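# Observations on chain architecture
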Amino acid sequence: MNKKLTIFFDVQELYYLPQYLPVFKQLQKDAIFESKFIFHHGKFDDLIKKIIKDECLPANWVQDKNHALKFYLTEKPNWIFLGNTFPELNKIHIYSKTAQLGHGVGPKKSYYSKSDSPTTVRFVESDYRFKRLCEMYPEDNFQNVGFCKMDPIINGEEGGIDFTTMGLDNNKKISHAHFGSMKTFLEFINEFKVEEVR
């Protein structure tokens with residue numbers, strides 16, 4: 001029997017989780033990858049421990065990026081998903097592929113400089129950002145997959161919010177934007193899945 005491929009989600013900050021969780025849940029459905037969340041200790045440890053329990057997340061803890069680097073070089077997962085820049089990717093890339101999965105949208109300049117240290121692939125959220133990053137870093141691999149944080153809402157998996165409990169009027173319209181593309185994140189991952197299983 002073939003060993004399952006491994007994906008580690010590097011959680012340097014709590015706010016990465018809403019972007020990672022939809023991906024993790026979909027990967028669990030496919031049952032091809034063994035996933036693990038690597039949490040960096042910080043000020044939200046108690047809240048994160050509750051989330052780990054509530055969501056039944058497989059988890060390990062590290063002290064900082066240096067500790068995480070040593071852990072990744074020892075464990076050698078097939079993939080490491082990152083929410084931000086990470087040191088010494090050249091060492092990690094000897095054993096593992098890396099993916100940068102953005103955790104936010106907005107006009108931050110750092111959104112573009114994160115690609116100064118390229119991951120194996122970087123998933124981006126819109127045609128505009130995709131084109132701009134391809135122009136800035138023509139040798140890098142970018143995939144326009146949309147904004148994973150929105151997937152539970154768009155897929156009808158999220159029960160929604162009762163706005164009346166917040167004192168808001170349900171009769172008033174609220175709008176949101178979702179930037180997507182024809183090629184989804186899962187289509188891209190499935191290409192790598194087939195490649196690595198062979």
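Thresholds, definitions, all that
- Residues numbered from 1 in each chain as written.
- Predicted model: local features only at pLDDT ≥ 70, side-chain atom pairs only at ≥ 80, totals over all residues.
- Heavy atoms only, no water.
- Salt bridge = Lys/Arg side-chain N within 4 Å of Asp/Glu carboxyl O.
- Helix = DSSP H or I, 4+ residues; strand = E, 2+ residues; numbered from the N terminus.
- Buried < 20%, exposed > 50% of the residue type's maximum accessible area, 1.4 Å probe, protein only.
- pLDDT = per-residue confidence, 0-100.
- Contact = heavy atoms within 4.5 Å.
- Phe/Tyr/Trp six-rings, centres within 6.5 Å; stacked < 30°, edge-to-face > 60°.
- Arc of directions from axis to C-beta.
- Polar contact = N/O pair within 3.5 Å; in protein donor to acceptor, adjacent residues only side chain to side chain.

What follows is about the pattern of salt bridges. Counted under the stated rule, the structure contains three salt bridges. Glu55 is the salt-bridge partner of Lys25, the closest N and O atoms lying 3.2 Å from each other. Linking Lys25 in helix α1 (residues 17-30) with Glu55 in helix α2 (residues 45-55), this pair joins segments that are 30 residues apart in sequence. On the accessibility criterion, Glu55 (32% relative accessible area) is partly exposed.

Attention shifts here to the confidence of the model for the protein. On average, residues of the protein score 76 in pLDDT, and 64% of them are at 70 or above. Within the protein, helix α8 (residues 185-197) has the poorest average pLDDT of any element, 50, and strand β3 (residues 59-62) the best, 98. For the stretch residues 175-183, pLDDT sits under 50, and the model shows 21 contacts to residues farther than four places along the chain or on other chains. Long-range and interchain partners of residues 193-198, a stretch whose pLDDT sits below 50, account for ten contacts in this model, where long-range means more than four residues apart.

Phi is positive for Cys56, which is not a glycine, with a value near 55°. Position of Cys56 relative to the elements: it lies in the loop between α2 and β3. Its relative accessible area of 63% is what places Cys56 among the exposed residues. Unusually for a residue other than glycine, Lys76 sits at a positive phi of about 50°. Here Lys76 is to be found in the loop between α3 (65-75) and β4 (79-82).

Right, let's talk about the packing of aromatic side chains for a bit. One pass over the structure, following the stated rule, counts 14 aromatic pairs. Where Phe8 meets Tyr72, the ring centres are 6.1 Å apart and the plane angle is 50°; that geometry is what we call tilted. Taken together, the positions of Phe8 in strand β1 (residues 5-11) and Tyr72 in helix α3 put the pair 64 residues apart, joining distant regions of the chain. Taken as a pair, Phe8 and Tyr72 share a single burial class, namely buried.

Along α3, the positions that sit buried rather than exposed are Ala68, Leu69, Phe71 and Tyr72. Down the axis of α3, the sector holding all buried residues measures 165°, keeping them to one side. Exposed side of α3, more than 90 degrees from the buried face: Lys70 and Thr74 are the residues found there. Next to the buried residues of α3 lie β1, β2 (33-40), β3, β4 and α4 (89-92). Where α3 begins, one side-chain oxygen reaches toward the backbone nitrogen of Asn66, 3.1 Å away; that side chain belongs to Asp64.

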